[in-house]
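Analysis of the macromolecular model
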Amino acid sequence: MADGNLAGLSPVSSRPPEGGAGTVRHDWTREEVRALLDLPFPELLFRAQTVHRQHFDPAEVQISTLLSIKTGGCPEDCGYCPQSAHHEKKVKAERLMAVEKVLEEARRAKDAGAARFCMGAAWRSPKDHDLETVCSMIEGVKSLGMETCVTLGMLDSRQAGRLREAGLDYYNHNLDTSPEFYGEIISTRTYQERLDTLENVRSAGISVCCGGIVGMGESENDRAGLITALATLPKHPESVPVNLLVRVEGTPLGNAEQVDPLDFVRVLAAARITMPESRVRLAAGREHMTDEAQTLCFLAGANSIFYGERLLTTPNPAATRDRALLDRLGMHTTIAEG
Ligand code: SAM
Ligand code: DTB
Ligand code: SF4
């Protein structure tokens with residue numbers, strides 16, 4: 001998908017440009033990622049945009065629509081999440097949605113132009129009976145001609161195999177933050193358990209969607225730690241969602257300090273440079289972001305967004321606002337991806 005527009009442009013420093021076409025490194029060190037995050041902003045963006053153009057059409061953005069198929073009442077204690085049963089104010093727990101209802105929503109998302117339909121469940125891990133229902137949802141959404149993604153918590157290899165058999169394209173499971181900051185945010189599941197789930201998903205032949213959250217009180221070193229953990233996986237995740245924390249009142253992180261939007265852009269740029277072939281998603285947190293900040297995110301190499309009025313339980317920009325922004329920028333969306 002490289003368009004070669006920048007062929008012949010020399011890099012601004014004496015170092016070779018990261019992730020040149022054909023070079024995908026898996027040996028990034030945290031120091032190297034920190035050095036990227038610390039670059040002067042114009043240089044960081046130039047490098048990210050250069051890498052981006054070697055692998056993608058810089059005017060194209062993939063859009064995915066989310067649906068919460070099982071909301072609330074989650075036994076996990078993730079400090080950012082309004083669906084955890086541990087927090088003082090939480091969203092109402094609901095049952096797993098009926099397959100037909102989910103397909104209705106998927107049809108609506110397809111008509112609005114989404115290429116991928118992502119279904120999320122507030123589970124620690126799926127029960128066998130529920131997994132079968134989710135498999136029917138996957139089969140139904142695929143028959144509409146959309147890509148499928150689910151996020152259901154931890155999976156063992158048998159469960160991953162079953163999802164693959166049903167035709168699942170992507171599984172979302174995030175590392176969330178650096179290994180050492182992780183314990184400040186979640187106590188009910190370990191970093192290693194997350195890595196094990198990712199390995200089970202990979203081995204089953206499902207594409208991986210894995211990223212994290214910025215804005216939970218982490219240091220720049222933690223941000224570098226997250227990017228390094230992702231960029232040193234044996235195979236880079238095909239999708240890397242970078243979420244800006246949605247601060248939900250009543251969760252332990254409801255009053256977390258706001259992140260400088262330019263620092264958020266830096267994390268996206270570092271993800272783009274270190275994982276040149278991955279789709280980097282400007283994920284949660286766009287609702288309160290200006291159009292100009294989102295534009296910088298696209299320049300930094302983000303080429304995917306969640307589209308539609310709702311994420312899982314919190315608001316997302318209206319589709320009309322997103323369309324207007326993409327039109328202003330002369331950008332277009334992917335219809336379907338192989
Ligand atoms: N329950 C499953 C799990 O966590 O494994 C799947 C759903 S969970 C909501 C998916 C991801 O959404 C989390 O890993 C986290 O990265 C992100 N997320 C949840 N709440 C968020 C918030 N308030 N702001 C930003 N991202 C959030
Ligand atoms: C991801 O990284 N972000 C999405 C998706 N994967 C499942 C979820 C964001 C959730 C934001 C909070 C909410 O709406 O509940
Ligand atoms: Fe549960 Fe997922 Fe929310 Fe954690 S992020 S509390 S596992 S729904």
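This part covers the environment of A302. By the secondary structure assignment, A302 is in the loop between α10 (291-299) and β9 (304-306). The class of A302 is buried, set by a relative accessible area of 1%. The residues touching A302, leaving out its near neighbours within four places in the chain, are L268, V280, L282 and C297.

We now examine the confidence of the model for the protein chain. Should the pLDDT be low somewhere, the predicted coordinates at that spot are not to be read in detail. Mean pLDDT over the protein chain works out to 92, with 92% of the residues at or above the 70 mark. The low-confidence segment residues 1-17 (pLDDT under 50) makes 21 contacts with residues lying over four places distant or belonging to another chain.

Around ligand 2 lies a shell formed by L66, P82, T151, N172, N174, P241, N243, F306, L311, L312, T313 and T314. Within the side chain of N172, a nitrogen or oxygen atom sits 3.2 Å from a nitrogen atom of ligand 2. Between L312 and ligand 2, the recorded distance is 3.0 Å, taken from a backbone N or O atom to an oxygen atom. About the coverage of ligand 2: the protein hides 87% of its 410 Å² of free accessible area.

So, on to the nonpolar core. Formed by 91 residues in total, the largest nonpolar core has its most connected members in Y80, L152, L163 and F264. Once residues lying within four places of it in the same chain are set aside, the contact partners of Y80 are D176, I185, I186, R194, I213, M216, L245, V246, T251 and L253. Counting eight residues, the second largest nonpolar core, distinct from the first, contains L66, C118, Y170 and L311.

Quick look at the site of ligand 3 now. Close contacts around ligand 3 come from C74, E76, C78, Y80, C81, S84, A122 and R189, and that covers them all. Class assignment for the residues of the shell around ligand 3 results in five nonpolar, one polar and two charged.

The next subject is the packing of helix α9 (residues 261-274) against α10. To describe two helices that pack against each other, one gives the angle between their axes and the distance between the axes. The geometry of α9 relative to α10 is characterised by a closest axis approach of 9 Å and an angle of 20 degrees between their N-to-C directions. On the basis of their axis angle, the class for α9 and α10 is roughly parallel. For the pair α9 and α10, the crossing hand works out as right-handed. For the pair α9 and α10, the contacting residues are P261, L262, F264, V265 and L268 in the first and A293, L296 and C297 in the second. The class makeup of the residues in the contact of α9 with α10 is eight nonpolar, no polar and no charged.

Turning our eyes to something else, we now look at the pairing of strand β8 (residues 279-282). Side chains on a regular strand alternate between the two faces of the sheet. Neither face of β8 is open: one carries R279 and R281, the other V280 and L282, and all of them are buried. The parallel pair strand β7 (residues 239-244) and β8, bridged by α9, forms a crossover whose chirality is right-handed. As defined by bridge partners, β8 adjoins β9 across two bridges and the pair is classed as parallel. Bridge pairing in β9 places R281 opposite S304. Handedness of the crossover joining β8 and β9 through α10: right-handed.

The next point concerns the packing of aromatic side chains. Counted according to the given criterion, the structure contains one aromatic pair. One cation-aromatic arrangement involves R25 over W28; the distance from NZ or CZ to the ring centre is 4.0 Å.

Right, let's talk about the pattern of salt bridges for a bit. Counted by the stated rule, this structure contains 22 salt bridges. The salt bridge involving R279 is made with E60; its shortest N-O contact spans 3.1 Å. Taken together, the residues span a long stretch of sequence, with R279 in strand β8 and E60 in strand β1 (residues 60-70) at a distance of 219 residues. A single burial state applies to R279 and to E60, both of which are buried. E76 is paired through a salt bridge with R124; the nearest N and O atoms lie 3.1 Å apart. A residue pair is termed long-range when its members are at least 10 positions apart, and E76 in the loop between β1 and α3 (99-111) and R124 in the loop between β2 (116-121) and α4 (128-143) qualify at 48 residues. The class of R124 is partly exposed, set by a relative accessible area of 30%. Linked through salt bridges whose partners overlap, the residues forming this network are E76, R124, R189 and E193.

If you check which residues of α10 are buried, you get D291, A293, Q294, C297 and F298. End-on view of α10: buried residues confined to an arc of 160 degrees, all on one side of the axis. On its buried side, α10 packs onto α2 (41-55), β1, α9, β8, β9 and α11 (319-329).

Conventions and cut-offs
- Residues numbered from 1 in each chain as written.
- Chains lettered and ligands numbered in written order.
- Predicted model: local features only at pLDDT ≥ 70, side-chain atom pairs only at ≥ 80, totals over all residues.
- Heavy atoms only, no water.
- Helix = DSSP H or I, 4+ residues; strand = E, 2+ residues; numbered from the N terminus.
- Buried < 20%, exposed > 50% of the residue type's maximum accessible area, 1.4 Å probe, protein only.
- Contact = heavy atoms within 4.5 Å.
- pLDDT = per-residue confidence, 0-100.
- Near = heavy atom within 4 Å.
- Polar contact = N/O pair within 3.5 Å; in protein donor to acceptor, adjacent residues only side chain to side chain.
- Areas by Shrake-Rupley, 256 points an atom, 1.4 Å probe, with all protein chains shown as cover.
- Core = buried A, V, L, I, M, F, W, Y, C linked by side-chain atoms within 4.5 Å.
- Nonpolar A, V, L, I, M, F, W, Y, C, P; charged D, E, K, R; others polar.
- Axes fitted to C-alpha atoms, helices over the stretch in contact; angles between N-to-C directions.
- Parallel < 35°, antiparallel > 145°, perpendicular 65-115°, else oblique.
- Left-handed = near helix turned anticlockwise from the far one by under 90°.
- Right-handed = clockwise from strand over helix to strand, strands pointing away.
- Pairing = 2+ DSSP bridges.
- Phe/Tyr/Trp six-rings, centres within 6.5 Å; stacked < 30°, edge-to-face > 60°.
- Lys NZ or Arg CZ within 6 Å of the ring centre and 35° of its normal.
- Salt bridge = Lys/Arg side-chain N within 4 Å of Asp/Glu carboxyl O.
- Arc of directions from axis to C-beta.

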